[in-house]
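Structure at a glance
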Amino acid sequence: MKCSASLCGLAYLALPIVLPAMVGAIAPAAVSDAYAEDRVDSTTTWYQERRKGNLGGLTVVHPQFDIGVDVGENTTLDLGYSADAVSGATAAVYSTDAVSSATTFKDLRHAANTGITFYGSRSTLSISGNIGTERDYNSIGVGVSAKIDLPGKNTALALSYNHGFDQVCDFDNGMATALERRPLTGQQACKKKSMLLGEDVKDDSIWRDLSLDATQATITQNLSPSVVAQVGLFGQVIRGFQSNPYRRVRVSGVEAQEHLPNVRGRVALMARVNKYLPEIKSAMHAMFRGYTDTWGVNSVTVGLGYSQYFGNSLLLRTNARIYQQSEATFFKDAFFYETEGSAGEYFTGDRELGAIRNIVGGMKFSYIKFDEDGGNVLGVFDEVSFNLKGEVYLLDELPADPIEDNREGIDRQFLSSGQAVDAFTLQLGMLFRY
Amino acid sequence: MFFACVLATGFLLGACGKQAVRASEKEFLADRIMQFDADGQETAADEHILSNREGSSGGRGTGGGGCGCN
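Keep in mind that what you see is a predicted model, and the values were worked out from it rather than measured.

In this section: the pairing of strand β18 (residues 314-325) of chain A. All names here are of chain A. Taken together, the 12 bridges between strand β17 (residues 298-310) and β18 define a ladder with antiparallel strand orientation. The residue bridging threonine 301 from the neighbouring strand is tyrosine 323, located in β18. Between β17 and β18, which pair antiparallel and follow one another directly, the connecting turn spans 3 residues, one of which, glycine 311, has a positive phi of 75°.

Here it is as structure tokens:
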């Protein structure tokens, strides 16, 4: 898709808003009932990825903790915290042999979020904020979302908007051209005035702005007593520094910091359906998502799932998902960057901008306890649930350029393991409602 | 893409008036396994992982809605 950056930006943001507006104006909220509830929710996810070389893999531990408290009959206040502890091997240079030059890294990111939700009899309105901080990245986000059930309560419309004010620490390259730019090495100060505001240090490190605007609209529809479907449209515009400041790309013998466009517009269309099977107390799930962006990445996702109750308290869900994307227009396999140069002004060593296929499969066990007579669990809670989930990932990197012309191949241009299963997650969650 | 959205919306809304589900028929729709994104933290964690492994982001939907079971 080609159009000017500003025109594309408006189009990508406007689509999810214009479409629901065609449905009709949102009805005014009726007399409110009490829907707010108290809850404590905690989940920890362990992600482990295999990598080539003898520096180990990639490990991410992601704890999340959220609490929701009634502050009135129709209002809930939410507070949350999450973190990412990341460590492992990383490729320092995108080249035909990224394995030999790989290094190790560690990082720790903290994030907090808060929100307030107002409930009506057929509608909700939420306002939220979030912050995130790590040594070389700051983020501040605000958002608003609204949801309403149309009369008859078989159709629900939801609309949301989020804006992010991010900052990325970069090496101070001054007026260097794209192929002269040097990467961040971890030795730079990345100084901060406060937890969330960076401070430039001349000839050392500077903070670059990154602005994110995202909107999403969904329509959820009861199709029958046992079938519900949802269609959603997502649009996002990202403006600012989007390169990985640590990553170098070998272009015609020069190892320069990767150089990405400053504007990216994204659109995704999603459709999913759930079908209940009352005879065997189970449900089937299906989803489809199509995605495109102004960098030329196009993707399709198809997912299937199945949920089965065993008695009243045990629930098993299985899921499978296949995803395939095309490469960004300026992406090349490393051999061609080295021998031909870049495809224009931009060049990247980001695996996620190449041509890839990702297959995910998993299972989730849940133990759910509530008192069917309306009493309390453990004398305190309305409901208690424990969840254990595991998923495996099979990632294939596909050639972006004619493989028959690539004398070095693509097997070592990324650190991906090349094994059948290259990553897995384990997730443990607990939820208490009271 | 835009016209596909219009058609999808029209299809969904065309069903709502003619085949409306009565309140007494919503027992199964109210079940947790019929809710989209019932586990918000699981959804957020999955999005976090996938957006770092894949070049696309967003469009994974919003939770709840449509049951009208309250």
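Once that is clear, we can look at the side chain of A:Asp333. Its place among the elements puts A:Asp333 in the loop between β18 and α2 (334-340). A:Lys332 provides the closest opposite charge to the buried, salt-bridge-free A:Asp333, at an N-O distance of 10 Å.

Glancing now at the sheet that holds strand β4 (residues 93-94) of chain A. All names here are of chain A. Taken in spatial order, the 3 strands line up as β4-β13-β14 in an open sheet, and their pairing is mixed. Edge strands, defined here as strands with exactly one partner in the open sheet, are β4 and β14 (254-257). Relative to strand β13 (residues 248-251), β4 runs parallel, the two being bridged by 2 bridges. Paired with valine 93 across the bridge in β13 is arginine 248.

With that out of the way, let us pick up helix α2 (residues 40-53) of chain B. Over its 14 residues, α2(B) runs 20 Å from end to end, which matches the ideal 20 Å to within 8%, given 1.5 Å per residue. Along α2(B), the residues classified as buried are B:Gln41, B:Glu42, B:Ala45, B:Asp46, B:Ile49, B:Leu50 and B:Arg53. End-on, the buried residues of α2(B) take up no more than an arc of 155°, which puts them together on one face. Here the buried face of α2(B) lies against β1 (39-49), β2 (58-70), β18, β19 (355-370), β20 (383-398) and β21 (423-433) of chain A.

With that settled, consider the state of the cysteines. Residue and element names in this part refer to chain A. Here the structure, examined in full by the defined rule, presents 1 disulfide over all chains. Across the disulfide, cysteine 169 is cross-linked to cysteine 190 (sulfur-sulfur distance 2.0 Å). Looking along the S-S bond of the cysteine 169-cysteine 190 disulfide, the torsion reads about -90°, which is the left-handed sense. Of the two residues, cysteine 169 is situated in strand β8 (residues 155-171) and cysteine 190 in the loop between β8 and β9 (192-194); the sequence distance between them amounts to 21 residues. Note on accessibility: cysteine 169 and cysteine 190 belong to one class, buried.

Attention shifts here to the pattern of salt bridges. Counted according to the given criterion, the structure contains 28 salt bridges over all chains. The salt bridge involving A:Arg351 is made with A:Glu352; its shortest N-O contact spans 3.1 Å. The salt bridge partner of A:Lys364 is B:Asp39, with a shortest N-O separation of 3.1 Å. Of this pair, A:Lys364 sits in strand β19 while B:Asp39 sits in the loop between α1 (2-18) and α2, which puts the two residues in different chains. On the basis of relative accessible area, A:Lys364 is assigned to the buried category, the value being 7%. B:Asp39 sits in the buried class, given a relative accessible area of 17%. Overlapping salt bridges, with partners in common, bring together A:Arg317, A:Lys364, A:Lys389, A:Glu391, B:Asp39, B:Glu42 and B:Asp46 in one network.

Taken together, the side chains of A:Val69, A:Val71, A:Leu77, A:Leu79, A:Val380 and A:Tyr434 make up a nonpolar region of the molecular surface, amounting to roughly 460 Å² of accessible area. When you line up the elements, A:Leu77 lands in strand β3 (residues 75-90).

Let us look at the packing of aromatic side chains. Residue and element names in this part refer to chain A. Using the criterion set out here, one finds 13 aromatic pairs over all chains in the structure. Of note, arginine 208 hangs over the ring of phenylalanine 241, and the distance from its end group to the ring centre comes to 5.4 Å. In this arrangement the basic side chain of lysine 281 is found over the ring face of tyrosine 309, its NZ or CZ atom lying 5.0 Å from the centre.

For the rest of this paragraph, the subject is the nonpolar core. If you look at the biggest cluster of nonpolar residues, it comprises 21 residues, and the most contacted ones within it are A:Tyr94, A:Ala328, A:Phe347 and A:Leu353. When contributions to this core are tallied by element, the ones reaching two or more residues are β13 and α2 of chain A. In terms of nonpolar packing, the next biggest core, distinct from the first, is built from 11 residues, A:Tyr309, A:Ile368, B:Val21 and B:Ile33 among them.

A few words on the confidence of the model for chain A. All names here are of chain A. Here chain A averages 90 in pLDDT, while 92% of its residues score no lower than 70. Within the model, the stretch residues 1-5 combines pLDDT values under 50 with 3 contacts to residues more than four positions away or in other chains. Segment residues 19-34 is flagged for pLDDT under 50; beyond a separation of four residues in sequence, or across chains, it makes 29 contacts in the model.

Taken together, the contact between chain B and chain A spans 51 residues of the former and 86 residues of the latter. When chain B packs against chain A, the two sides together hide about 5,700 Å² of surface, and 57% of this comes from carbon and sulfur. Our enumeration of links across chain B and chain A arrives at 10 salt bridges. Per-element tally for the side of chain B that touches chain A: the top contributor is α2(B), with 10 residues. Residues that form the side of chain B that touches chain A fall into these classes: 21 nonpolar, 19 polar and 11 charged.

On to the side chain of A:Gln48, then. All names here are of chain A. Mapped onto the elements of the fold, glutamine 48 is located in strand β1. Side chain to side chain, glutamine 48 and tryptophan 46 meet in a polar contact 3.3 Å long. Leave out the neighbours within four places in its chain, and glutamine 48 touches Gly57, Leu58, Thr59, Asp422, Ala423 and Phe424.

Definitions and cut-offs
Residues numbered from 1 in each chain as written. Chains lettered and ligands numbered in written order. Predicted model: local features only at pLDDT ≥ 70, side-chain atom pairs only at ≥ 80, totals over all residues. Heavy atoms only, no water. Pairing = 2+ DSSP bridges. Helix = DSSP H or I, 4+ residues; strand = E, 2+ residues; numbered from the N terminus. Buried < 20%, exposed > 50% of the residue type's maximum accessible area, 1.4 Å probe, protein only. Lys, Arg positive; Asp, Glu negative; His and termini not counted. Salt bridge = Lys/Arg side-chain N within 4 Å of Asp/Glu carboxyl O. Expected span 1.5 Å × (residues − 1). Arc of directions from axis to C-beta. Contact = heavy atoms within 4.5 Å. Disulfide = S-S within 2.5 Å. Patch = residues over 30% accessible without salt bridge, like charges linked within 9 Å, V, L, I, M, F, W, Y side chains within 5 Å. Areas by Shrake-Rupley, 256 points an atom, 1.4 Å probe, with all protein chains shown as cover. Phe/Tyr/Trp six-rings, centres within 6.5 Å; stacked < 30°, edge-to-face > 60°. Lys NZ or Arg CZ within 6 Å of the ring centre and 35° of its normal. Core = buried A, V, L, I, M, F, W, Y, C linked by side-chain atoms within 4.5 Å. pLDDT = per-residue confidence, 0-100. Buried area = accessible area lost by both parts, 1.4 Å probe. Nonpolar A, V, L, I, M, F, W, Y, C, P; charged D, E, K, R; others polar. Polar contact = N/O pair within 3.5 Å; in protein donor to acceptor, adjacent residues only side chain to side chain.

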